[in-house]
Amino acid sequence: MNSTVTQFQSQTALSDRLERPMRDLRVSVIDRCNYRCPYCMPAEIYGESHKFLPRAHWLTPGELKRVAGLFVGLGVNKLRITGGEPLLRRDLNEIVAGLAELDGVDDLALTTNGARLAKRAVELRAAGLKRITVSLDSLDEAVCREMNGGRGDVATVLKGIEAAMNAGFEPIKINVMVQRTINDHTVLDLVEHFRGTGIIVRFIEYMDVGTLNGWQADQVVSSKVLLDRIAGRWPVEALQSNYRGEVAKRYAFTDGKGEIGFISSVSEPFCGDCHRARLSAEGTLYTCLFANHGTDLRGALRAGASDADLVGLLQNVWRNRADRYSELRGEKITREQRVEMYRMGG
């Protein structure tokens, strides 16, 4: 780590206007995906002719390491690589290796749809990746294909999860986006399949990220409904959070066969403890998953800005942050155009 980063690392961690520190950086490395999940990148909008970013606009591995290092110097200790689908990026191993070299990073994780995980799990582990989360919305083949736009199959994802386990990733988490009448009837099957394996299944309420997925409130299945359904079959008990600001509420099976989690942005907003910043593939900084604008970092990077200049920019953005979209959901302010999830990761 360079001297400028070391200098800023010794300073008091940043807080925003609501006294929330910056601890977690989500790093999107690509704006493309091999799936077309209707709730994220619907095929009728993102078809074969859709123009994604030119590759030259993506931050390079060196640029990503430099920017992430500055974030770490300002208090970030958790990095998560996202997309789009990050495993589509050919130089992903180089990106992981660079981020793994940063001092002060306690957790380096990646979220993937798992379609290419079987082929890359070992090399990602060797590059320094610590944890993997796999998105899998159902074990029912027809439902799964409906949820991913007909672009993937369950068996391939399960092979990827197995490969990740064999490579030494632990614990592996499964993220399940639950949508009423689409996949909510397959929730118990997922729990039953992964119980006792050490894999943690987490259920995510269907969210109004972006403005193109046709979100309606009546499509949301609340975490409480799912918890009651699951607990009716396998008794559970609440667990303490691992750290302040952990988004998932955790529950352990009383028979000792693992745990499950619930991410309840709609029914139980957690804006008050949100300490996440998001960096898009082209270098735009967002301070909320539901943001309608961001701050360009790539321009400054490629114009020759010093580390001190960039740190000043990051400090200014975070100190002026007052986002709390989920607490305001339903008010007029929330109806503005918002950045789509594939641009900045989940």
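Residues numbered from 1 in each chain as written. Predicted model: local features only at pLDDT ≥ 70, side-chain atom pairs only at ≥ 80, totals over all residues. Heavy atoms only, no water.

Undergrad: Can you help me understand the pairing of strand β4 (residues 131-135) in this one?
TA: Across a regular strand the side chains alternate sides, sitting on one face of the sheet and then on the other. Of all the 5 residues making up β4, 4 are buried; the element is thus mostly covered by neighbouring parts of the structure. Across 4 bridges, the pairing between strand β3 (residues 107-112) and β4 is parallel. Considered in β4, the bridge of Thr-111 is made with Thr-133. Handedness of the crossover joining β3 and β4 through helix α4 (residues 117-127) is recorded here as right-handed. With 3 bridges joining them, β4 and strand β5 (residues 173-178) adopt parallel strand pairing. When the sheet's bridge partners are listed, Ser-135 is paired in β5 with Asn-175. (Buried < 20%, exposed > 50% of the residue type's maximum accessible area, 1.4 Å probe, protein only. Helix = DSSP H or I, 4+ residues; strand = E, 2+ residues; numbered from the N terminus. Pairing = 2+ DSSP bridges. Right-handed = clockwise from strand over helix to strand, strands pointing away.)

Undergrad: Mind showing me how you'd approach the pattern of salt bridges here?
TA: Pairs can form between side chains of opposite charge whenever their charged atoms are close. Counted by the stated rule, this structure contains 17 salt bridges. A salt bridge links Arg-20 to Asp-16, with the nearest nitrogen and oxygen atoms 2.7 Å apart. Side by side, Arg-20 and Asp-16 carry an identical accessibility label, which is buried. Linking Glu-48 and Arg-151 is a salt bridge whose minimum nitrogen-to-oxygen distance equals 3.8 Å. Separated by 103 residues along the polypeptide, Glu-48 in the loop between β1 (24-28) and α2 (61-73) and Arg-151 in the loop between α5 (141-147) and α6 (154-167) bring together distant segments of the chain. When its relative accessible area of 75% is taken as the criterion, Glu-48 is described as exposed. Taking the relative accessible area as the measure of exposure, Arg-151 reaches 36% and is therefore partly exposed. Connected through salt bridges with shared partners, the residues Asp-16, Arg-20 and Arg-321 form a single ionic network. (Salt bridge = Lys/Arg side-chain N within 4 Å of Asp/Glu carboxyl O.)

Undergrad: Explain the packing of aromatic side chains here, please?
TA: Within a pair of aromatic rings, the relevant descriptors are the distance that separates the centres and the angle that separates the planes. Taken as a whole and judged by the stated rule, the model has 4 aromatic pairs. Ring centres 6.4 Å apart and planes at 80° place the aromatic pair Trp-234 and Phe-253 in the edge-to-face group. Taken together, the residues Trp-234 in the loop between α8 (223-231) and β7 (236-238) and Phe-253 in strand β8 (residues 249-253) connect sequence positions 19 residues apart. Neither Trp-234 nor Phe-253 differs from the other in exposure class; each is buried. Three or more aromatic residues link up through ring pairs in this structure, and these residues are Phe-203, Tyr-251 and Phe-262. A cation over an aromatic ring shows up here: Arg-125 above the ring of Phe-169, its NZ or CZ 5.2 Å from the ring centre. A cation sits over an aromatic face here: Arg-195 above Phe-253, 4.8 Å from the ring centre. (Phe/Tyr/Trp six-rings, centres within 6.5 Å; stacked < 30°, edge-to-face > 60°. Lys NZ or Arg CZ within 6 Å of the ring centre and 35° of its normal.)

Read these as spatial facts, not as claims about activity.
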